Each structure stands twice: as C-alpha cells, then as structure tokens.
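# Observations on the model geometry
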Amino acid sequence: MPRVLYLYGGWPGHSPYAVADWAKGVFHELGFDQVEESNDIFTLDRDLTGYDLIVIFFNNAATTERRVLA
C-alpha cells in the first residue's frame, strides 16, 4: 500500500487548513489510505525513504504568525 506524507501549513490568509481538508478527500479518492499529516516543516529533516509520495503545501513558513517590518 502506498504511503504518503502530506506537509501543510503557513499563513492563515492562504487557507492552508481548508486546502488540507480538500486534499485529504483527493488522497482518499485516489486510493491513498496511508496518509501521514504534519504541520512541522522540519519533518523534511528525517528519513523520508519510506514514502511513495510527498506532498507539500506550505506558504510563508518563516512569517506565519507575525509581521516583519524592515
């Protein structure tokens, strides 16, 4: 059975959680039943060889909850 890692998150204005809900349905429709979800970008630092598919939907990861002024 194929294994999927789904990494998502970011600035709420880009609706990452709404997109995540939609994507979960797509994974199911495509027959991917083993989907591991993560909101931690550092998940990419670990051994990923056990996954058949890695999907990333992350936006503005560095400035998620704050506004940076120059």
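So, about the overall build of the protein. A count of helices and strands for the protein gives one helix and three strands. Residues classed as buried in the protein amount to 24% of the 70 residues present. For the protein, long-range pairs separated by at least 24 residues make up 76% of all intrachain contacts whose partners lie at least 6 apart in sequence. Element-wise, carbon and sulfur atoms account for 55% of the exposed surface of the protein, whose accessible area totals about 5000 Å².

With that settled, the discussion passes to the pairing of strand β2 (residues 34–38). As defined by bridge partners, strand β1 (residues 3–10) adjoins β2 across five bridges and the pair is classed as parallel. Looking at the pairing, Arg-3 lines up with Gln-34 of β2. Assessed by its sense of winding, the connection that carries the chain from β1 through helix α1 (residues 16–29) to β2 is right-handed.

The pairing of strands in a sheet comes from backbone hydrogen bonds and takes either a parallel or an antiparallel form. On the basis of which strands lie adjacent, the open sheet formed by three strands has the order β2-β1-β3 and parallel pairing. The sheet is open, and its two edges are formed by β2 and β3 (53–59), each paired on a single side. Mean inter-strand twist for the sheet, computed between neighbouring axes without regard to direction, equals 15°. Note: β1 against β3, seven bridges, orientation parallel. Opposite Tyr-8, over in β3, you have Phe-57 as the bridge partner. Against the sheet, α1 engages β1, β2 and β3, with an angle of about 165° to β1.

Scoring rules and cut-offs
- Residues numbered from 1 in each chain as written.
- Predicted model: local features only at pLDDT ≥ 70, side-chain atom pairs only at ≥ 80, totals over all residues.
- Heavy atoms only, no water.
- Helix = DSSP H or I, 4+ residues; strand = E, 2+ residues; numbered from the N terminus.
- Buried < 20%, exposed > 50% of the residue type's maximum accessible area, 1.4 Å probe, protein only.
- Contact = heavy atoms within 4.5 Å.
- Areas by Shrake-Rupley, 256 points an atom, 1.4 Å probe, with all protein chains shown as cover.
- Pairing = 2+ DSSP bridges.
- Right-handed = clockwise from strand over helix to strand, strands pointing away.
- Axes fitted to C-alpha atoms, helices over the stretch in contact; angles between N-to-C directions.

These values are about where atoms sit, not about what they do.
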